[in-house]
Amino acid sequence: QVQLVESGGGLVQTGGSLRLSCATSRSIFTINIMAWYRQAPGKQRELVAAIATGGSANYADSVKGRFTISRDNARNTVYLQMNNLKLEDSAVYYCNTRPQRNDYWGQGTQVTVSS
């Protein structure tokens, strides 16, 4: 079974930056679309960004121009560069495939943005 381990979260002030990493237990070159999701307290988990094997990416309107998703297939890792963070970006961030697979969810990594 594939394992996904997120890291890189932390506490930052508005306007700050973080880079999240998602390490996978298997090769991801066989997975067409990888994605980052996030879930804030009391809210539904939402799609943040998705990237195909060749590098084509899509983003939620709320993060366009601020976040960049990338993948290193050789290192089996997916990244999310987060710039100009806002209070509403606070959430637990998870990586998964797109569409998601319920058995792939990891522990996530907490991102907390303060003013």
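Structure first, text after, so check above.
Residues numbered from 1 in each chain as written. Predicted model: local features only at pLDDT ≥ 70, side-chain atom pairs only at ≥ 80, totals over all residues. Heavy atoms only, no water.

J.: How would you sum up the environment of A49? Please name residues and give values.
T.: Its location among the elements puts A49 in strand 5 (residues 46–52). A sequence separation of 62 residues divides A49 from V111, and the C-alpha atoms of the two residues are 16 Å apart. Residues in contact with A49, not counting those within four places in the same chain, are M34, A35, W36, N58, Y59, I69 and L80. (Helix = DSSP H or I, 4+ residues; strand = E, 2+ residues; numbered from the N terminus. Contact = heavy atoms within 4.5 Å.)

J.: I'd like a rundown of the side chain of T77, residues and numbers included.
T.: Topologically, T77 is positioned in strand 8 (residues 77–82). Given the relative accessible area of 11%, T77 is considered buried. Within the structure, the side chain of T77 is placed 2.9 Å from the backbone oxygen of R75, a separation counted as a polar contact. Residue contacts for T77: discarding those within four places in its chain leaves S21, C22, A23, I28, R71 and D72. (Buried < 20%, exposed > 50% of the residue type's maximum accessible area, 1.4 Å probe, protein only. Polar contact = N/O pair within 3.5 Å; in protein donor to acceptor, adjacent residues only side chain to side chain.)

J.: Please set out the state of the cysteines residue by residue, giving values where relevant.
T.: If you walk through the whole model with that rule in mind, you get one disulfide. Through a disulfide, C22 is tied to C95; the S-S separation comes to 1.9 Å. Its S-S torsion of about 55° marks the bond between C22 and C95 as right-handed, since a negative value means left-handed. Highlighted residues: C22 in strand 3 (residues 18–24) and C95 in strand 9 (residues 91–97), separated in sequence by 73 residues. Of the two residues, C22 and C95, both sit in the buried class. (Disulfide = S-S within 2.5 Å.)

J.: Which residues make up the sheet that holds strand 3, and what are the values?
T.: Taken together, the four strands give an open sheet; going across it, the order is 1-3-8-7, and neighbouring strands pair in antiparallel fashion. Two strands close off the open sheet at either side, each with one partner strand: strand 1 (4–7) and strand 7 (67–72). For this sheet, the mean angle separating the axes of adjacent strands, direction not counted, is 15°. Pairing geometry for strand 7 and strand 8, over six bridges, is antiparallel. Counted as the bridge partner of R71 is V78 from strand 8. (Pairing = 2+ DSSP bridges. Axes fitted to C-alpha atoms, helices over the stretch in contact; angles between N-to-C directions.)

J.: An account of the pairing of strand 1 is needed here, citing residue identities and associated values.
T.: The side-chain alternation of strand 1 yields one buried face, formed by L4 and E6, and one unburied face, formed by V5 and S7. Relative to strand 3, strand 1 is paired through four bridges, and the arrangement is antiparallel. Each residue of the ladder has a partner; that of L4, found in strand 3, is T24.

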